[in-house]
Amino acid sequence: IFTQIELYSTTHPWVGWNINLSSVKSHLISIVQKKPTITYNQIIRIIYQSFEVDDFDKTKAKIFLDKNPSHTIYMDKLSKFSPESKFIWIIRDYRAVILSSKQSVYIRSSNVAHNATRWKIYNRIAYKFYKKNKDKVLLVKYEDLVSNENEIEKILSFLSISAIKNTPISDS
């Protein structure tokens, strides 16, 4: 698993996040030695709790959200390993995605054809998963999300999270 994380880290920068992989590895090895029946969910929780985010204690977090589009290709596996997982499929107009990709300093390719193909592949995979798992997937249009506060309420409801009125949502 650590080789996969290291390889993934080289191709997908952890923008705004810091992690000490050797520390995480040592921590996980010590846990596995004590409890050899550790679950996939427990491993993921330990990894996410190991990310350093300023002024945020993740040890009390009840859920973790990950917005990495690359995880789309693993939705079936993620659902299998973690049956209680839920997925929020935020679909955005492909033209806006391509323009955003061209302007991003974090995206490896600003090539229009590459990004259009990637958008198409990810959305086909997401749609196929959505058709089979409608109870686990909430479809949200990006344009609605940024223009309509009710979309946040739908997301919170889908995740069974109570909204706290007048509390700003952090980027953390």
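Note that this is a predicted model, so its numbers are computed, not measured. (Residues numbered from 1 in each chain as written. Predicted model: local features only at pLDDT ≥ 70, side-chain atom pairs only at ≥ 80, totals over all residues. Heavy atoms only, no water.)

**Q** Can you help me understand the overall build of the protein chain in this one?
**A** Broken down by element type, the protein chain carries eight helices and two strands. Sequence-ordered secondary structure for the protein chain, helices as α and strands as β, is α-α-α-α-β-α-α-β-α-α. Classification of the 172 residues of the protein chain by burial places 25% in the buried group. Within the protein chain, contacts between residues at least 6 apart in sequence are counted, and of these 56% link residues at least 24 apart. Summing over all exposed atoms, the protein chain offers an accessible surface of approximately 12700 Å²; the carbon and sulfur share of this is 55%. (Helix = DSSP H or I, 4+ residues; strand = E, 2+ residues; numbered from the N terminus. Buried < 20%, exposed > 50% of the residue type's maximum accessible area, 1.4 Å probe, protein only. Contact = heavy atoms within 4.5 Å. Areas by Shrake-Rupley, 256 points an atom, 1.4 Å probe, with all protein chains shown as cover.)

**Q** Could you clarify how one ought to interpret helix α6 (residues 112-132) in this entry?
**A** Every α-helix carries 3.6 residues per turn, so stepping three or four residues along brings you back to the same face. With 21 residues, α6 should cover 30 Å at 1.5 Å per step; its first-to-last C-alpha distance of 31 Å lies within 8% of that length. Along α6, the residues classified as buried are N115, Y122, N123, A126, F129 and Y130. In an axial view of α6, the angular spread of the buried residues amounts to 125°, which keeps them on one side of the axis. Opposite its buried face, α6 presents the exposed residues A113, R124, K128, K131 and K132, each directed more than 90 degrees away. The N-cap residue of α6 is N111: its side-chain oxygen and the backbone nitrogen of A113 are 2.9 Å apart. (Expected span 1.5 Å × (residues − 1). Arc of directions from axis to C-beta. Polar contact = N/O pair within 3.5 Å; in protein donor to acceptor, adjacent residues only side chain to side chain.)

**Q** Sorry if this is basic, but what is going on with the confidence of the model for the protein chain here?
**A** When pLDDT is low, close inspection of the predicted coordinates is not appropriate. Looking at the protein chain as a whole, its pLDDT mean stands at 81, while 81% of the residues score no less than 70. Taken element by element, the protein chain is modelled with least confidence in helix α1 (residues 2-11), mean pLDDT 60, and with most confidence in strand β2 (residues 137-141), mean pLDDT 96. (pLDDT = per-residue confidence, 0-100.)

**Q** Could you clarify how one ought to interpret the packing of aromatic side chains in this entry?
**A** Aromatic ring pairs: the centre-centre distance and the angle between the two ring planes describe each pair. Counted by the stated rule, this structure contains four aromatic pairs. Here the aromatic residues W89, Y127 and Y130 are joined through ring pairs into a cluster of three or more. (Phe/Tyr/Trp six-rings, centres within 6.5 Å; stacked < 30°, edge-to-face > 60°.)

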